[in-house]
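# Remarks on the overall topology
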Amino acid sequence: MKAVLDVKRFDPENNSKEYFQKYELEVEESSTILDALIKIREDLDGTLALRCSCRASICGSCGMRVNGSAKLVCKTRLVDIAPEGEKVQVEPLGNMPIIKDLVVDMNPFWNKVQQVRPFMMPNNTEPEGEYIASNESMTHLVDVMNCIMCGACVSDCTALEVDESFIGPAALAKAYRFVADPRDDKSKDRLKYLNKNSGVWDCTRCYACVEVCPKGVAPMERIMKMRDLAIEEGFKNTSGYRHTKSFVNSVGKSGRLDEARLALTSVGFFNVFGLIDLAFVGLKALVKGKLPPILPHKARESENIKKIVNKIERGKG
Amino acid sequence: MKKYAFYPGCVARGGAPELYQSSLLVLDKLGIETIELDKAACTGAGVLQEKNQKLGDVLNIRTLAFAEDMNLPIITICSTCQGVMSQANHRVLKNPEYLEEINSELREEGLEYKGSTEVKHLLWILIEDIGLNELQKTFKKELKGFNFAPFYGCYIVRPSDALGFSENPERQHSLDMVINSTGASVTDFSGKTKCCGFPILLINQKNSLKMVSNHTGEAKDKGADAMVTPCPLCHLNLDGYQGKARKDNRGDKGDLPIIHLPQLLGLAMGIEPYRLGFARHIVSTKDFISSISPGERYSDPQNFNVAMLLGMIGFGSLIFALITAIAAFFILRAILIYEWGDNSFTHYIDTCSFENIFIIGKYICSFLEVTEKVWDWGISILTSLF
Ligand code: SF4
Ligand code: SF4
Ligand code: FES
């Protein structure tokens, strides 16, 4: 079949600007995008730089953006992306500096992983035999441990895009792997650290990492879990905590979301500047006839909702 | 006549009344009959789920069960509601035991969900149930020459396995398709399926506003006349905070009108702009509207003047009272932290109740409760007035 690839080129050593180069070639029906790229490098253009190794979605070195979203190119068949031989755009991963063409500098990625101390920290000295952990306590970690550190999630993370200090999905998922491991004794310290320091509360819940991860790690879901664990450990002085709590309260009270109350409580009763800021936004909205926020709508028979909220929230402990 | 159970969502009934009002007009023109699910709870918007996923699922499956009882599919006008309900549905459908667990919570109310309800955003209904050809028959005005930047909202595009993209692949481009059907052009820009920043607005405002500025700025640079979104939460951020966001991050003016999907349809259907609530936007839509419908009435007739004034006075005095109280508490809080260390204060807030007013921390707690009560009273008084 025909393959048309529009590949992003960039060579800082020769001071070139970023540009796209179009390659057309014939490939096998079963070809992956990686096969096509390698063929380009071998037959058409030896200057094209790319990184790959296992060609079987194990090593995690071939992460790239295909038509705007991050993928392992060795796992992505060309026919699935461009069944009619349409043009396919291939770019290096996002949120990382480009070294050349499709090769990015993974250092920022590894620094973040190191930041969460990705190793077991038990209190006691080593046991006689092996560490014992029950099956149930480990099975839910299997998917997290599948991470191959390919950086796809980091590439497409929308929070990282605006704030490079955010620890990011891969490292946070890795952190969860230890927070939730029964053999690790430093969960509380870990959570304390992640509760601040551009950690769990800076995720926007955009699902990009869940969508692009080739290994089903679902970093965002781990981050949400850690938010809840941090709260349970008593780390409550965050707007994130107040926001969540107030949201649950609001639904419990009226069955609906009361935006005005939510805003007030999340900003916090002690944050004078935040409140003044909020008052301005509120006034602007009022002038525009967006009055309803201060007259919240109740769901009909909202007592039923209240009952459910109380029961299940309490049942959780 | 097509019939649906209507789930408007909290924001359409709260902070974005123009969405609700324009949706009703548009649904009527489309010949869609709806029954509003007024007993349904908030979907939780993903926030409730992060604290307690089961609670979120129970509330959403409850909503689906109401619709199932009426034998109707659900229509939503909110990307977030769509996504959160689809996810809940997806979770129970692939796990019958979990469905049973959820149902056991619903039985008290006489409900049981069997798994047959379909949840569909108006955007998808336009394409799948009505068809773009039929849709075009309702259009009276060609929007040729205008450029609209589509902004989907995360939850209507991810996670794709819950959203039925493999059976309905056109859903991924639905907004582009609908914009094209009005005769207008689509402004393609890199932010169209990214996060608007709303979920962290109250948590990390700086990051949130950078997102607003990036997306609206890029769309503007690429020549968009307005941005169209099927998500009222995105609208709250992109519209409400665009001024500040653009000033802080790009040093320019927030001037890109953010319009709701039904407002776009309404314009194409020739509905008068004032009835679509265009005056209720924070970023002015005036120039945009006068370029589309020159000389047409723009302002909402039902301007809540009195209500607005009262509301402003009420809101103003509340804020004043709060600030005074805050000043006092700042001092008390400092004392407390000085006396008992870092976590004592939040601890007291979490554990307070009216009953024991013995120590200073408890006084503060009760005051906070009183403030909340006053807030509630204020609201009920205002509610009874209008
Ligand atoms: S869900 Fe959170 S961590 Fe994942 S990509 Fe979005 S912002 Fe990043
Ligand atoms: S979480 Fe998934 S996408 Fe992210 S690095 Fe690991 S395997 Fe890659
Ligand atoms: S080459 Fe190893 S994962 Fe693709």
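The shown structure was predicted, so the numbers you read here are calculated from the model rather than taken from an experiment. (Residues numbered from 1 in each chain as written. Chains lettered and ligands numbered in written order. Predicted model: local features only at pLDDT ≥ 70, side-chain atom pairs only at ≥ 80, totals over all residues. Heavy atoms only, no water.)

## A few points about the overall build of chain A
Where we set the bar: Working definition: helices are DSSP H or I runs of at least four residues, strands are E runs of at least two. Numbering for both runs from the N terminus. With a 1.4 Å probe rolled over the protein chains alone, any residue whose accessible area is under 20% of its type maximum counts as buried; one over 50% counts as exposed, and the rest are partly exposed. Any two residues whose heavy atoms approach within 4.5 Å are treated as being in contact. Each accessible area is a Shrake-Rupley estimate made with a 1.4 Å probe; only the visible protein chains count as cover when residues are assessed.
Each helix and strand counted, chain A has 15 helices and seven strands in total. Expressed as a percentage of its 317 residues, the buried residues of chain A come to 56%. A sequence separation of at least 24 residues applies to 64% of the contacts in chain A between residues at least 6 apart. Surface summary for chain A: the accessible area is close to 14400 Å², and the carbon and sulfur share equals 49%.

## As for the pattern of salt bridges
As a reminder of what qualifies: By definition, a salt bridge exists where a carboxyl oxygen of Asp or Glu is found within 4 Å of a side-chain nitrogen of Lys or Arg.
Counted according to the given criterion, the structure contains 44 salt bridges over all chains. Lysine 87 of chain A is paired through a salt bridge with aspartate 6 of chain A; the nearest N and O atoms lie 3.7 Å apart. Highlighted residues: lysine 87 of chain A in strand E5 (residues 87–91) and aspartate 6 of chain A in strand E1 (residues 2–9), separated in sequence by 81 residues. For lysine 87 of chain A, a relative accessible area of 49% translates into the label partly exposed. Here glutamate 100 of chain B and arginine 107 of chain B are joined by a salt bridge, their closest N and O atoms 3.2 Å apart.

## Side note on the confidence of the model for chain B
Residues and elements named next belong to chain B. Rules: Confidence of the predictor at the level of single residues is captured by pLDDT, which takes values from 0 to 100.
Looking at chain B, pLDDT values average 87 and 86% of them are 70 or higher. When the criterion is pLDDT under 50, residues 353–358 qualifies, and its contacts beyond four places in sequence or with other chains add up to eight contacts. For this predicted complex, the interface confidence comes out at an ipTM of 0.89, alongside a pTM of 0.85.

## Here we look at the packing of aromatic side chains
Using the following cut-off: Pairing of aromatic side chains here covers Phe, Tyr and the six-membered ring of Trp, requires ring centres within 6.5 Å, and sorts the geometry by plane angle: under 30 degrees stacked, over 60 edge-to-face, intermediate tilted.
By the definition in use, this model includes five aromatic pairs over all chains. Geometrically, the ring pair formed by tyrosine 207 of chain A and tyrosine 155 of chain B is edge-to-face, given 5.3 Å between the ring centres and 80° between the ring planes. Here tyrosine 207 of chain A is found in the loop between helix H9 (187–195) and helix H10 (208–212), whereas its partner tyrosine 155 of chain B is found in the loop between strand E5 (147–150) and helix H8 (174–181) on a different chain. The pair tyrosine 207 of chain A / tyrosine 155 of chain B is uniform in exposure class, with both members buried. One aromatic cluster in this structure is built from Phe146, Phe148 and Phe288 of chain B.

## Describing the packing of helix H6 (residues 122–130) of chain B against H8 of chain B
Residue and element names in this part refer to chain B. Here is the rule we go by: With axes taken as lines fitted to C-alpha atoms, and helix axes fitted only over the stretch in contact, angles between N-to-C directions fall between 0 and 180 degrees. The labels follow the angle: roughly parallel below 35 degrees, roughly antiparallel above 145, roughly perpendicular from 65 to 115, and oblique for the rest. Helix crossings fall into two classes, left-handed where the near helix is turned counterclockwise from the far one by less than a right angle and right-handed where it is turned clockwise. Note on residue classes: Ala, Val, Leu, Ile, Met, Phe, Trp, Tyr, Cys and Pro are nonpolar, Asp, Glu, Lys and Arg are charged, and everything else, Gly too, is polar.
One way to put it is that H6 packs onto H8 with a least axis distance of 10 Å and a crossing angle of 70°. Here H6 is positioned roughly perpendicular relative to H8, judged by the angle of their axes. Two packed elements cross with a definite hand, and for H6 against H8 that hand is left-handed. Contacts from Leu123, Trp124, Leu126 and Ile127 in H6 reach Ser174, Leu175, Met177 and Val178 in H8. Its residues assigned to classes, the contact of H6 with H8 comprises seven nonpolar, one polar and no charged.

## Here we look at the confidence of the model for chain A
Close inspection of predicted coordinates is inappropriate in any region flagged by low pLDDT. When pLDDT is averaged along chain A, the result is 88, and 88% of the positions lie at 70 or above. When pLDDT is averaged over each element of chain A, helix H6 (residues 152–156) of chain A comes out on top at 98 and helix H14 (residues 272–287) of chain A at the bottom at 65.

## Observations concerning a nonpolar patch on the surface
Applied cut-off: Candidates for patches are residues over 30% relative accessible area with no salt bridge; among them, like charges are joined within 9 Å and nonpolar side chains (Val, Leu, Ile, Met, Phe, Trp, Tyr) within 5 Å.
Together, Val370, Val374, Trp377 and Ile381 of chain B give the surface a local cluster of nonpolar side chains, amounting to about 380 Å² of exposed area. Mapped onto the elements, tryptophan 377 of chain B comes out in helix H16 (residues 360–385).

## Focus on the domain arrangement of chain A
All names here are of chain A. Here is the rule: Residue ranges for the domains trace back to a domain assignment, done automatically or taken from a database. We define buried area as the total accessible area lost by two parts upon association, computed with a 1.4 Å probe and summed across both. Pairing of N or O atoms within 3.5 Å defines a polar contact, subject to two protein rules: one partner must be a possible hydrogen donor and the other a possible acceptor, and residues neighboring in sequence count only if both atoms are side-chain atoms.
Once the domains are mapped, chain A shows domain 1 (2–103), domain 2 (107–122 + 136–232) and domain 3 (239–316). For domain 1 and domain 2, the distance between their C-alpha centres works out to 28 Å. The partner domain 2 presents 16 residues to the 15 residues of domain 1 that form the contact. With both chains or domains summed, domain 1 and domain 2 bury close to 1100 Å², and 54% of this area falls on carbon and sulfur atoms. In terms of surface lost to domain 2, no three residues of domain 1 exceed Ala70, Asn95 and Met96, which account for 42% of the buried area on that side. In this structure, the connection of domain 1 to domain 2 is made through nine residue pairs in polar contact (both at pLDDT 80 or more). Element by element, the count of residues in the side of domain 1 that touches domain 2 is highest for strand E4 (residues 69–72), at three residues. Classifying every residue of the side of domain 1 that touches domain 2 gives seven nonpolar, six polar and two charged.

## A closer look at the sheet that holds E4 of chain A
Residue and element names in this part refer to chain A. We count it as follows: For two strands to pair, DSSP has to find at least two bridges joining them.
Taken in spatial order, the five strands of this open sheet run E2-E1-E5-E3-E4, and their pairing is mixed. This sheet does not close on itself; its edge strands, each paired only once, are strand E2 (19–26) and E4. If you compare each strand with its neighbour and ignore which way they point, the axes differ by 35° on average. In this sheet, E5 lies alongside strand E3 (residues 63–66) in antiparallel orientation, the contact comprising two bridges. Its bridge partner lying in E5, valine 66 is registered against valine 90. Contacts from helix H1 (residues 33–44) reach E1, E2, E3 and E5, with the element oriented near 95° to E2.

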